[in-house]
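An overview of the molecular structure
Residues per chain, in single letters:
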Amino acid sequence: MKFHTLVPLILMVSSSVFAQAPPGYKTAIPPEIMTPDSVETNYLGELEFIDGRPTHETANRIHDHLAYIRGVEVFLNLMPACSIEAMRMAHVRAGVTEANHALLAESLLDSNPLFLTGNTDTVYCSAILDLERDGPTVVEIPANCGPGTVNDAFFRFVVDMGAPGPDRGKGGKYLILPPDYNGLGVEFPRDNSMQRVTAQGTTDDFYVVQSPSYTNWLILRGFLVDGKTDAAVKMFREGLRVYPLEKVLSPPEMVFTDLSEMELNTIHANNDQFYAELNHVIQKEPVGFLDPELRGLVAGIGIEKGQAFQPDQRMRAILKDSAAVGNATSRSIAFDSRDEQAYLYEGSQWKTAFVGGDYRWLRDGGLGGRNLDARTLFFYLATVNTPAMAAEIIGAGSQYAWIDSDSAGDYLEGDKNYTLTIPADPPAKDFWSVVVYDPQTRSELQTDQPLPSRNNKRDEFVENDDGSVTLFIGPDAPEGKENNWIQTVPGKGWFAILRLYGPLEPWFDKTWRPGEIEIIK
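Going along each chain's sequence as written, the residues are numbered from 1 onward. It should be noted that, the model being predicted, local features are given only for residues of pLDDT at least 70 and side-chain atom pairs only at 80 or more, the latter also being counted only at that level, while totals for whole chains, interfaces and linings use all residues. Excluded from the side-chain calculation are hydrogens and water; included are all heavy atoms of the structure.

Here we take up the overall build of the chain. What the chain contains, in helices and strands, is ten helices and 22 strands. Projecting the C-alpha coordinates of the chain onto the three principal axes gives extents of approximately 85 × 70 × 55 Å. Relative accessibility thresholds used throughout: buried, under 20% of the residue-type maximum; exposed, over 50%; partly exposed, between the two (1.4 Å probe, protein chains only). Counting across all 521 residues of the chain, residues that qualify as buried make up 52%. Residue contacts are counted whenever heavy atoms from the two residues lie within 4.5 Å of one another. Contacts in the chain between residues far apart in sequence, at least 24 positions, make up 71% of those at least 6 positions apart. For the accessible areas, the method is Shrake-Rupley and the probe is 1.4 Å, while residue cover comes only from the protein chains on display. Within the structure as shown, the chain displays about 24,500 Å² of accessible surface, and the carbon and sulfur contribution to it stands at 50%. Considering the chain, the positive charge centre built from 45 side chains and the negative charge centre built from 72 side chains are found 4 Å apart. Helix numbering and strand numbering both begin at the N terminus, where a helix is a DSSP run of H or I of at least 4 residues and a strand a DSSP run of E of at least 2. All tallies of charge rest on Lys and Arg as positive and Asp and Glu as negative; His and the ends of each chain are not included. A charged residue contributes its charge at one atom only: NZ of Lys, CZ of Arg, CG of Asp or CD of Glu.

And the structure:
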C-alpha cells in the first residue's frame, strides 16, 4: 500500500529536478546531491567549499569537530567500562589486590566512601576478580546471602548469586571462567543447573558461567537482623570464599578490609582523565570484549589495544571539551529527563533507573535497538546491573524509585524542609528505605548523620494514625519526630532513592505508590 502511494510522488519530484541542466553540466542534476560554495550552520558557522571541496579552514574545523563528537560519544557509551575501572582502582587503593581479598562494610556503607548511590541498608561485600591473572575462579556463597551479582568490565550482567541467583539463597559454589577459556570441557547450561567439574584430582558441583572480560566485579549484600549487621558480617567472614580453581585443594583464607568510614573514591572521572581510565580497560581486556563498532569509536580518539595512547596538544584540548560536554550531557539526561518512560507515574516526579524496564536497555525487546540515553542515565547514577533489579520478581530481588524534584517540579535544595509520606503497608517483604544523595558525587549526602537515610528495619518511626510514615527531610529536625528525620546541608542540593527489597505485587501493579515530596512552607 505504501509503495503504490509513494511512486507517483517520486516520479513527480524527479520530473521537476531534471527540468534543466545547471551550469557546467550536460544533464539536469538533483539539487539535493549538490553542495553550495557557502553553507550556514548553527553550530559551526559558515562552511566554505570550492566546487564541493572544503577549504582547508573548513576541513580543519570539521576534523576537530569530528574528534570532539567522537570524544563525547566515547564518554557517553564507554561510561560503564570506566565505572568498573574506577571500582577496580578503588579496591587496589584499599589493598584489595588478590582473589581472596574483599571489602566488607561491617558497619554499613556510610557517607565517607564515594560510591554511586550505594545503600545504607545492607552489608556490602565487594571483590574484584582478575580472570587473566587467576584463570577460572571459584566463588563460594554462604547460605542466606542477600542479592549478589557479578558484572563484567563493561558492566554487563554475568550471573546473580544468593537470593535471586540459581542457588536461591541456599548457598553454593560458582565457577567463573575467563573469556578465552578452553580447558575443562564444561558445557554451559541454560537452566542454571550445576555442573560436575574435576580439577586438581577432585570433583565438585558448580554453577558455571563464562565472562566476556578478565576484570569482573563481585558485589554481595547481607541483610540486617534486628537492625544489626552482626549476622551478615559473620555470614561473610565464615562462609564466603573466593579463590583460583587451581587452589581448590587448599583455598587461601579470606582477607577482609572494613569499608565502613573509609575515605575511598570508586567513581570514574568527569574530566579528560576519563579517557586515560578507558585506555587501561582497552589494554587489559581481550579484543572481543567490545564489538568492532565500539572499538572503532574508541580508536577514533586514539585509544587502541596494543597502541600507546598519546594525544597531542590539539587532541588533548579537544578531549577536554568532549569530557566536559559528555559530563554535562549525562547530568542533563539524568536530572532533566525528556523521556516520558523515565517517570513511574503520570503527573509524578518519581523516576525509574531502568528506563524501559530492561537491564540491557533494549527498546521493544530489541526492535528499537538500545536506548543509549537510558543506559547513560543508569550508569551515571548507579552501579550493579542485573535482571533482578529490572524484572518483576515477586518477593525477591529489589526495586528502586528515585526523585530529584518536589511536587512543583523544583530541584530539592538542602536549605529547605520537606516531607515525604510513605503510605501504609509498603510492598516490601524484606525491607524498605529512603536514602538521600549528593547530586555532585551521586553518593550518600555527607551530613552529621553518618547514614543519611531511614529504614523500616533499623529505625523506630513515629507512624501516622493510618499507618503511613511521614519522613522529614531538611536541615532542621522536627521536634518529637527525630527518628523520621533525614538531614540535608544548606547550600547543597539532594536527591533520594526509595528501595524495596523483596518487592510485592502492589508495587508492580502500582496500586501502592509513594507520596510526592512536599516543601514545608
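What follows covers the environment of Leu-500. Secondary-structure assignment places Leu-500 in strand β21 (residues 495–503). Owing to a relative accessible area of 0%, Leu-500 belongs among the buried residues under this scheme. For the pair formed by Leu-500 and Gly-474, sequence separation is 26 residues and the distance between their alpha carbons is 23 Å.

Further remarks concern the packing of aromatic side chains. In this analysis, rings of Phe, Tyr and Trp, with Trp reduced to its six-membered ring, are considered paired at centre separations within 6.5 Å, and the interplanar angle assigns stacked below 30 degrees, edge-to-face beyond 60, and tilted for intermediate values. Counted according to the given criterion, the structure contains 25 aromatic pairs. Consider the rings of Phe-115 and Trp-217, whose centres lie 6.3 Å apart with planes at 55°: the pair is tilted. In this pair, Phe-115 sits in the loop between β4 (101–104) and β5 (123–130) while Trp-217 sits in strand β12 (residues 215–222), placing the two residues 102 residues apart along the sequence. Here the aromatic cluster, defined as three or more aromatic residues joined through ring pairs, consists of Phe-115, Tyr-124, Phe-155, Trp-217, Phe-354, Trp-361, Phe-378 and Phe-379. For a Lys NZ or an Arg CZ to count as sitting over a ring, it must be within 6 Å of the ring centre and within 35 degrees of the ring normal. The ring of Tyr-380 carries the charged tip of Arg-442 above its face, separated from the ring centre by 3.9 Å. Above the plane of the ring of Tyr-345 lies Arg-513, whose end atom (NZ or CZ) is 4.3 Å from the centre.

So, on to the nonpolar core. By nonpolar core we mean a set of buried residues, namely Ala, Val, Leu, Ile, Met, Phe, Trp, Tyr and Cys, connected to one another through side-chain atoms within 4.5 Å. Val-74, Leu-78, Trp-217, Tyr-275, Leu-278, Ile-303 and Phe-378 are the most contacted members of the largest nonpolar core, which has 72 residues in total. Sorting elements by how many residues they give to this core places helix α8 (residues 313–335) first, with seven residues.

On to the sheet that holds strand β17 (residues 428–437). Working definition: the strands of a sheet are paired by backbone hydrogen bonds and lie parallel or antiparallel to each other. One bridge is not enough; two strands pair if DSSP finds at least two bridges between them. The strand order across the open sheet built from four strands is β15-β21-β17-β18, with neighbouring strands paired in antiparallel fashion. Because the sheet does not close on itself, it has two edges, and the strands there are β15 (398–403) and β18 (453–455). For this sheet, the mean inter-axis angle between neighbouring strands, taken without regard to orientation, is 15°. Working convention: axes come from line fits to C-alpha atoms, limited for helices to the stretch in contact. Angles between N-to-C directions cover 0 to 180 degrees.

This paragraph deals with the confidence of the model for the chain. Caution applies to low-pLDDT regions: their predicted coordinates should not be interpreted in detail. Averaged over the chain, the pLDDT score is 94; the fraction of residues at 70 or greater is 96%. Each residue carries a pLDDT value, the predictor's own confidence for that position, ranging from 0 to 100. A low-confidence stretch, residues 1–17 (pLDDT under 50), is modelled with five contacts involving residues beyond four sequence positions or located in other chains.

What follows concerns the sheet that holds β4. Spatially, β8-β7-β12-β5-β4-β14 is the arrangement adopted by the six strands of the open sheet, whose pairing is mixed. Sheet topology places β8 (157–161) and β14 (255–258) at the edges, where each strand pairs with a single neighbour. Along the sheet, successive strands turn relative to each other by an average axial angle of 20°, direction set aside.

A positive phi is found at Asp-425, a non-glycine position, where the angle reads about 55°. Of note, the phi angle at Lys-510 is positive, near 65°, even though the residue is not glycine. Inspection of the secondary structure assignment puts Lys-510 in the loop between α10 (505–508) and β22 (517–519).

Tracing the backbone through its elements, the reader meets Gly-165 in the loop between β8 and β9 (172–177). Gly-165 gets classed as buried once you look at its relative accessible area, which sits at 0%. Setting aside residues up to four positions removed in sequence, Gly-165 forms contacts with Asp-160 and Tyr-174.

For the rest of this paragraph, the subject is the pattern of salt bridges. Any Lys or Arg side-chain nitrogen found within 4 Å of a carboxyl oxygen on Asp or Glu counts as a salt bridge. This model, assessed by the stated rule, comprises 20 salt bridges. For Lys-284, the salt bridge is made with Asp-130, and the minimal N-O distance between the two is 3.0 Å. Here Lys-284, found in helix α6 (residues 273–284), pairs with Asp-130, found in strand β5; they are 154 residues apart in sequence, far enough to count as distant. The pair Lys-284 / Asp-130 is uniform in exposure class, with both members buried. Among the salt bridges present, the one from Glu-516 reaches Arg-513, with a minimum N-O distance of 3.7 Å. Accessibility expressed as a relative area gives 15% for Glu-516, which makes it buried. Each member of the salt-bridge network shares a partner with another, and the members are Asp-121, Arg-454, Arg-458 and Asp-459.

A few words on the side chain of Asn-77. Examined against the element boundaries, Asn-77 turns out to sit in helix α2 (residues 56–77). Leaving out residues up to four positions away in the same chain, Asn-77 has contacts with Phe-154, Leu-294, Leu-297, Leu-372 and Arg-375.

Attention now moves to a nonpolar patch on the surface. There is a patch of nonpolar side chains on the surface, built from Tyr-25, Ile-33 and Met-34 and spanning about 290 Å² of accessible area. Within the secondary structure, Ile-33 is located in the loop between α1 (2–17) and β1 (38–41). Here, patches come from residues exposed beyond 30% relative accessible area and free of salt bridges, joined within 9 Å for like charges and within 5 Å for nonpolar side chains (Val, Leu, Ile, Met, Phe, Trp, Tyr).

Let's shift gears to the state of the cysteines. What makes a disulfide is a covalent bond joining the sulfur atoms belonging to two cysteines. In what follows, a disulfide is any cysteine sulfur pair within 2.5 Å. The full count for this structure, using the stated rule, is zero disulfides. The thiol of Cys-145 is unpaired, and the distance to the nearest cysteine sulfur, on Cys-125, comes to 8.2 Å.

Attention now moves to the pairing of β5. Counting buried residues along β5, eight of its eight residues qualify, which places the element largely inside the surrounding structure. The alternating pattern of β5 places Val-123, Cys-125, Ala-127 and Leu-129 and Tyr-124, Ser-126, Ile-128 and Asp-130 on opposite faces, both of which are buried. As defined by bridge partners, β4 adjoins β5 across two bridges and the pair is classed as antiparallel. Each residue of the ladder has a partner; that of Leu-104, found in β5, is Cys-125. Relative to β12, β5 runs antiparallel, the two sharing eight bridges. Residue pairing in the sheet places Ile-128 in a bridge with Trp-217 of β12.

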